[in-house]
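# Tertiary structure, described
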Amino acid sequence: MTNAARREPEAARITLPVDGMTCAACQANVQRALTAAPGVTKAAVNLMTHQATVHYDPAATNPESLVAAINDTGYASHLPVTGGPEGAEDEAREQSLAREYSVLLTKSLVSVILGAMAMIASMPLMGGPSAGGHEGHSSDPLIAWTMRALDPPMRGLLPWLYAIDRAGLLFALLAATTFVMAWAGRHFYVRAWKGLRHRTADMNTLIAIGTGAAFVYSVAVTITPDVFTTNGARADVYYEAVIIIVALVLLGNAMEARAKRNTTRALRQLAKLQPSTARLRRGREDVDVPIADVRSGDLVIVRPGERIPVDGVIRIGSGAVDESMLTGESIPVEKKPGDRVIGATINTVGSLEIEATSLGAASTLARIVTLMKEAQGSQAPIQRLADRISAVFVPAVLSIAIATCAAWMILPAAPSFTSALNAAVAVLIIACPCAMGLAVPTAVMVASGRGASAGVLIKGGEPLERLAGVDTIVFDKTGTLTEGRPSVVDSRFAGDRDTALSVVSAVEAKSEHPLAKAVVVFAAGNPNNPPEGGHHPSTRVDNFIALAGRGVVATVDGHEVIVGTQALLRESGVDTSLFDETATAWAGQGRTVVVAAIDGKSAAAFAIADTLRANAGAVVQSLQRRGLRIVMLSGDRRTTAETIARQAGVDEVIAEVLPDGKVEAIKSLQSSGHHVAMVGDGLNDAPALAQADIGIAMASGTDIAAEAAAVTLMRNDLAGVEQAIVLARKTMRTMKQNLFWAFVYNVVGIPVAAGALYPAFGILLSPILASAAMAFSSVSVVTNSLRLRGVSLS
């Protein structure tokens, strides 16, 4: 234990970019190479962000060696960019992903169009006489039956197509397929070749070999059909299957690239919160300097309404700082000399002179960015499962195809090379992961549309799967369970209520403080008060003075008015005993107390708090009935948090925690074996949203929270949380059904394509029938997924 403690400081960590990964097998190849590298203690490769996080011993290896280990696998990596402006690497990554998404989308759409045209152009080839005088596919009963049904209407609709010479159609299809493979699908073949050179296999390998074998076979038929027909083999081509396979895989890759781009954008928006410049006190002058030039100990000047540029300690001045980006608390925190302030928070009232302390990577904002990157870079259980499946599936299919070809060459019942090649191609075509690739994306697309119609945005298949397995929901308090803004929840008056409200609201209307605005809104709702913020428009307010952190004083139509804390009224000689007992009770409930005096006498007292959302209690109870554990997490004071929790019916409360504390709370629940969903709305929630198994952001929340979360509620209605879970569970059931059917076609189709039924029944699955089976499996999973459009979310 002592030795481990001594070695701990020597450990190093680096995050490296990895380009060229397209599937779980790619990720597994890179991760195995890094884990096996000397000096590496732990490696996690993230397919979504295309990054590898490596923990290593600097005495045994270095970043350059780690980059070389990745490059040796056939994928591309380089050392992280350093020395540039803050966020430059994230910006470059986002631009790269945007370009990747645009290119993939363009290629997939062009390929889909060409694939549809190729299928139509192939109809005369499948229905008419093939080379060598054979009737097209008549030896295949299913194809012959299909073509007898389709031929007449197609000949009627497109007579000119059937008039084209067979050779002309073949060479047109050859040209179209060559274009798609060389332009749209080029990277499949390049990466498969690199994998072959490095003795690794992934989905690129299967796609390249399957489509490549079908293409080479089709080219041979196109150029020398007699070689096949004279040996008793069918002179069939599979150009349309090649194009469609490439198109569907590209479409899935485009969807993934879009999700990756959004992940990078969230980190960039975080970095933008920090001001680019700071105003420093240099002698008797104030000068604006770049944030990078600020040094520890510098005196930073922050005016009202400005964002605080750095972490520091107030030396001169007092005010109210909006720390909602950090704590989620909507009410600004009163600050005085000696108090700490956080960079990127907003100084709402009062001028401050701050001594800079934590800068750069040590700042609170930078730590939040780091927390998000670490949470997003951690490896998900579903990725590890995909690694194991892909590690077996690809080599198994390749082995079966090779064994099939060899068997048909050796066995006396089938000594023909063309028959052997025919069977091997059939295996590769039917095993090509088209239906498996569609099983999840189609369900995701339909579910996403169904969710959007209900006001629930879900960012892909993995969030849906994670959400379906959730057993614990953690709610942020402010802005999630509550409305997120202060309002008057109770009031007391010493005399005439309407008069006091009119006078007090006239003074508070001059203030920008959120508590003052809450009083004005409350007064405006009084039916006996005139409009214009609750006071008569002719009311005259003079001598208005705002006392930072204490309240305001003014003269209203000749009356001296004080509104603020009890301490301010007492210092002004006002007897507050009339409201002391009430104020103490309110404070015990976590409410903020504002009192008012008119002409030296106590006139009114207001309890201000963030109120519970109207349906919060009902949603919590409904979720609990579904067997879910509910926890409330807040950066607010414990008394306030527990008050809200009681009102909402939440039994477990974790209060007074900052962003890193929220992340630790989520990790603690996860380490206990729970699958956690985090529901939040603010920047302070972003790291916890990223750390949770699934993050759910409210519509009223920040863009950062929405980007960090995998689910966004478009309406400020907590019922969307339950709807999202119901949709996820039903979608997960559909995904499992889709995968079952996709695997059935492979499990049953591959042996049949290999010739398992030939000795006993004389049945052999031809490549064209393998293509049809693959297409039918795709249709079945799409049809099953479409049922989600009408699913009930109640």
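The structure displayed is predicted, hence computed values, not measured ones.

Calculation notes
Residues numbered from 1 in each chain as written. Predicted model: local features only at pLDDT ≥ 70, side-chain atom pairs only at ≥ 80, totals over all residues. Heavy atoms only, no water. Helix = DSSP H or I, 4+ residues; strand = E, 2+ residues; numbered from the N terminus. Buried < 20%, exposed > 50% of the residue type's maximum accessible area, 1.4 Å probe, protein only. Contact = heavy atoms within 4.5 Å. Areas by Shrake-Rupley, 256 points an atom, 1.4 Å probe, with all protein chains shown as cover. pLDDT = per-residue confidence, 0-100. Expected span 1.5 Å × (residues − 1). Pairing = 2+ DSSP bridges. Axes fitted to C-alpha atoms, helices over the stretch in contact; angles between N-to-C directions. Phe/Tyr/Trp six-rings, centres within 6.5 Å; stacked < 30°, edge-to-face > 60°. Lys NZ or Arg CZ within 6 Å of the ring centre and 35° of its normal. Patch = residues over 30% accessible without salt bridge, like charges linked within 9 Å, V, L, I, M, F, W, Y side chains within 5 Å. Salt bridge = Lys/Arg side-chain N within 4 Å of Asp/Glu carboxyl O.

This part takes up the overall build of the chain. When you go through the chain residue by residue, the secondary structure sums to 30 helices and 26 strands. Within the span of the chain, comprising 794 residues, buried residues form 52% of the whole. Residue pairs at least 24 apart in sequence account for 69% of intrachain contacts in the chain once pairs closer than 6 positions are excluded. Accessible surface for the chain amounts to roughly 34600 Å². Of this, 59% is attributable to carbon and sulfur atoms.

Summarising the model, the chain shows a mean pLDDT of 78, and 77% of its residues fall at 70 or more. Here residues 375-383 is modelled with pLDDT under 50, and outside its nearest four sequence neighbours on either side it reaches 27 contacts, counting other chains as well. Here residues 530-536 is modelled with pLDDT under 50, and outside its nearest four sequence neighbours on either side it reaches 18 contacts, counting other chains as well.

Here we take up helix 28 (residues 719-754). The terminal C-alpha atoms of helix 28, which comprises 36 residues, lie 52 Å apart, in line with the 52 Å expected from a rise of 1.5 Å per residue. One or two positions beyond helix 28, positive phi appears at Gly 755, with a value near 105°.

With that settled, consider the sheet that holds strand 12 (residues 346-349). In space, the three strands of this open sheet follow the order 10-9-12, with antiparallel pairing throughout. With partners counted over all chains shown, the strands left at the sheet margins are strand 10 (333-335) and strand 12, one partner each. Adjacent strand axes in the sheet meet at a mean angle of 40°, parallel and antiparallel pairs treated alike. The sheet contact formed by strand 9 (residues 319-322) and strand 10 spans three bridges and is antiparallel. Bridging across to strand 10, Val 321 finds its partner in Val 333.

Positionally, Thr 211 belongs in helix 9 (residues 203-223). Take Thr 211: its relative accessible area is 1%, and that puts it in the buried class. When near neighbours in sequence (up to four residues on either side) are disregarded, Thr 211 contacts Met 181, Tyr 189, Val 242 and Ile 245.

Now for the packing of aromatic side chains. One pass over the full model with this rule turns up five aromatic pairs. When the centroid spacing of 5.9 Å and the interplanar angle of 85° are considered together, the rings of Phe 493 and Phe 606 count as edge-to-face. Remark: Phe 606 occurs in strand 21 (residues 601-612) and Phe 493 occurs in strand 16 (residues 482-493); sequence separation between them is 113 residues. Given a relative accessible area of 0%, Phe 606 falls into the buried group. Centroid distance Phe 522 to Phe 606: 6.1 Å. Interplanar angle 75°. Geometry classified as edge-to-face. Placement of Phe 522 in helix 20 (residues 514-524) and of Phe 606 in strand 21 is noted, with a sequence separation of 84 residues between them. Through a chain of ring-to-ring contacts, the aromatic side chains of Phe 493, Phe 522 and Phe 606 assemble into a single cluster. Between the NZ or CZ atom of Lys 107 and the centre of the ring of Trp 183, over which it lies, the distance is 5.9 Å.

On to a nonpolar patch on the surface, then. A contiguous nonpolar surface patch, about 260 Å² in accessible area, is contributed by Phe 743, Val 747 and Val 748. When you line up the elements, Val 748 lands in helix 28.

So, on to the pairing of strand 7 (residues 299-302). Bridge count between strand 5 (residues 277-282) and strand 7: two bridges; the pairing is antiparallel. Bridge assignment links Leu 280 to a residue of strand 7, and that residue is Val 300. Note that strand 7 and strand 13 (residues 352-356) share four bridges and pair antiparallel. Bridge pairing in strand 13 links Val 300 to Ile 354.

Within a sheet, each strand pairs with its neighbour through backbone hydrogen bonds, oriented either parallel or antiparallel. Strand order in the open sheet made by the six strands is 16-21-20-19-18-17, with antiparallel pairing throughout. What marks the edges here is a single partner per strand, and that holds for strand 16 and strand 17 (541-547). Across the sheet, the mean angle separating the axes of adjacent strands is 15° when strand polarity is ignored. Where strand 18 (residues 551-556) meets strand 19 (residues 559-564), six bridges bridge the pair, whose relative direction is antiparallel. Paired with Thr 555 across the bridge in strand 19 is Glu 560.

The full count for this structure, using the stated rule, is 16 salt bridges. The shortest N-O distance in the salt bridge between Asp 542 and Arg 540 comes to 3.1 Å. You can call Arg 540 exposed: its relative accessible area is 56%. A salt bridge links Arg 550 to Glu 571, with the shortest nitrogen-to-oxygen separation between them at 1.9 Å. With Arg 550 in the loop between strand 17 and strand 18 and Glu 571 in helix 21 (residues 566-571), this pair connects stretches of sequence that are 21 residues apart. Accessibility expressed as a relative area gives 34% for Arg 550, which makes it partly exposed. If you follow the salt bridges from partner to partner, you end up with Arg 279, Asp 288 and Glu 306 in one network.

As a packed pair, helix 7 (residues 166-184) and helix 8 (residues 186-197) sit with axes 4 Å apart at the nearest point and diverge in direction by 60°. Residues Met 181, Ala 182, Trp 183 and Ala 184 of helix 7 form the contact with helix 8, whose participating residues are Arg 186, His 187 and Tyr 189.

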